[in-house]
Amino acid sequence: MKSNGTTTSLIKYQPLFITSCEPFSGPKLSVQQALAKWYAILNNGLDIPMTDGSMFASLQEEDLCNSLKSDIELLPALLTEEFISCVMVFDKKQYISLIQALLTNISDEVFSRLNNNTVCTGIENTLNFLQNFFYQYFDIHYRLTKFRLFQFIDNSKMKLDYLQLKICDRKLVQVLQDAISEQSVFGQFSITWHQLMYLQNSIHEIETQLASLTANIFREFLYYYNFNSACFIEYEVELLRTELQNIPRCADRVTFLQDMLVIAAQRKLKSGTSFDSNQPSVKRQLIEWINAEMKRLELIDKNATNSDFQINPENKIQTTLSVAKLAVLIRLLVVDKIIINPTIAPMLKTVSKLFTTLQKDDISFGSLETKYHAPDKATLNMMKEIMQKWVGILGKI
């Protein structure tokens, strides 16, 4: 490999790799260095559009593409030679990951700026070589090139369109299409190699079952193969929400969700399979949603029950005390740790519903709480008399 100088000297673009028949005595570039140089040329070297909107003059662009194509074709052999010769000392996994990233970025630049399918196809062949021959170092969780992603979208569109005709539930099929588009190249992320292989295998498997395929079979298929994409989780949650809307009582909704929780927990997933390796399984995500929804509904039901909590006056604890005396009595029981409720307000609210006073069958919680925290002197003196009276009563019991 030879160095052709800086980017500005590459007015006539030439390959950076040399062949054995070419005389050259200059410094040699590694595969990584040459690819980094190509990326710099494409990304930063001549970033001034021509008047016709292209990034390079037509002759320069032709030279650039031909030279890049030549270098890409030589790359597998040169990379293999680097690994066999062991001249360079490097972390092999890190090195292959860097080559993979550079090839992906170069492909994206060629696809976006030059729209040259021939060069992009050559890069894809080289990436396939990396995946096959350096599989232990290849990063399957790295993003696809834009070129490969758009090819996959075009190839899968007709198959998914036919699947929508076959299955009545169009929204269910849409989750596969959304999985491709939700992380498209127009956003921050793209489909990874792992996700591409997952989708390709899934579509192929579905095609083998088209004769007997129904919406339920397709849905179970997505469960079994752990299609833990956000769009499928949202689809399943929306089904549950629709069912819940048809159930008027909170308690009945909770019962329904308990049944769904059992079904979700019993679902079997294919071991080691997932669409998104960074997310929990489809089973776990649904179980977490159901549990959270159950807690929310139980809280609503509890609050509604408390607000409607009424006791027949004849069944209440009837006293001859005033609200103030009752409040001080409860305060004494709390201070002496006879009543040990951790929070006072809920306990006082219960007292207000369970007790009556001499004047009222229904005690105001607000009044009871105020007199509990701020008893007046007159009430305290009267309670002292009651306590002394109790001492005398204790002696007679």
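Throughout this document, residue positions are counted from 1 along each chain, in the order its sequence is written. Since the coordinates come from a predicted model, pLDDT governs what is reported: local features require at least 70, and pairs of side-chain atoms require 80 or more to be given and counted, while whole-chain, interface and lining totals use all residues. Calculation of side-chain values draws on the structure's entire complement of heavy atoms; hydrogens and water are dropped beforehand.

Caption draft 1: Just the packing of helix α5 (residues 146-166) against helix α7 (residues 193-208), in detail. Following both chains from N to C, one finds α5 and α7 inclined at 25°, their axes separated by 11 Å at the closest point. Here α5 is positioned roughly parallel relative to α7, judged by the angle of their axes. α7 is crossed by α5, and the crossing has left-handed handedness. The residues of α7 that touch α5, namely those facing R148, F152, S156, K159 and L163, are W193, L196, L199, Q200, I203, I206 and E207. A breakdown of the residues in the contact of α5 with α7 according to their chemical character gives seven nonpolar, two polar and three charged. In this description, a line fitted to the C-alpha atoms serves as the axis of each element, helices being fitted only across the stretch in contact, and the angle between N-to-C directions of two axes falls anywhere from 0 to 180 degrees. Strands here are runs of E lasting at least two residues and helices are runs of H or I lasting at least four, both read from the DSSP assignment and numbered beginning at the N terminus. Note on terminology: angles under 35 degrees are roughly parallel, angles over 145 are roughly antiparallel, angles of 65 to 115 are roughly perpendicular, and the others are oblique. Helix crossings get a hand from a simple test, with the near helix turned counterclockwise from the far one by less than a right angle marking a left-handed crossing and a clockwise turn marking a right-handed one. It only takes one pair of heavy atoms within 4.5 Å for two residues to be counted as in contact. Residues are sorted three ways: Asp, Glu, Lys and Arg are charged, Ala, Val, Leu, Ile, Met, Phe, Trp, Tyr, Cys and Pro are nonpolar, and all the rest, Gly among them, are polar.

Caption draft 2: A look at the packing of helix α8 (residues 215-224) against helix α9 (residues 230-245). Put simply, α8 and α9 touch, their axes get as near as 12 Å, and they point 125° apart. By the angle between their directions, the pair α8 and α9 is classed as oblique. In the crossing of α8 with α9, the sense of the turn from one axis to the other is left-handed. On α9, the residues that touch R219, L222 and Y223 of α8 are F232, Y235, E236 and L239. Classifying every residue of the contact of α8 with α9 by side-chain character gives five nonpolar, no polar and two charged.

Caption draft 3: Broad picture of the pattern of salt bridges. Salt bridge criterion: a side-chain nitrogen from Lys or Arg within 4 Å of a carboxyl oxygen from Asp or Glu. Applying the stated criterion to the full structure yields 14 salt bridges. For D108, the salt bridge identified is with R143, shortest N-O distance 2.5 Å. Here R143 lies in the loop between α4 (117-133) and α5 and D108 lies in helix α3 (residues 92-114), a separation of 35 residues in the sequence. The exposure class assigned to D108 is buried, which follows from its relative accessible area of 8%. Three labels apply to residues, based on accessible area from a 1.4 Å probe with only protein chains included: buried if under 20% of the type maximum, exposed if over 50%, partly exposed otherwise in between. Note on R143: relative accessible area 25%, which makes it partly exposed. In this structure, the salt-bridge partner of R241 is E234, at a minimum N-O distance of 3.4 Å. Judged by relative accessible area, which is 42%, E234 ranks as partly exposed. Connected via shared salt-bridge partners are E234, E238 and R241.

Caption draft 4: Seen up close, the side chain of R148. Along the polypeptide, R148 turns up in helix α5. Of the residues examined, R148 reaches a relative accessible area of 14% and is grouped as buried. Aside from chain neighbours lying at most four places away, what touches R148 is E124, N128, W193 and L196.

Caption draft 5: Local environment of the environment of E73. The topology assignment puts E73 in helix α2 (residues 58-85). Overall, the relative accessible area of 53% leaves E73 in the exposed class. The sequence separation of E73 and N125 amounts to 52 residues, and the corresponding C-alpha distance is 8.9 Å. In terms of polar contacts, E73 uses its side chain to reach the side chain of K69, at 2.7 Å. Whenever two N or O atoms come within 3.5 Å, that pair is a polar contact, provided that in protein one can donate a hydrogen and the other can accept it, and provided that, for residues adjacent in sequence, both atoms are side-chain atoms.

Remember, this is a structural readout, not a statement about activity or role.
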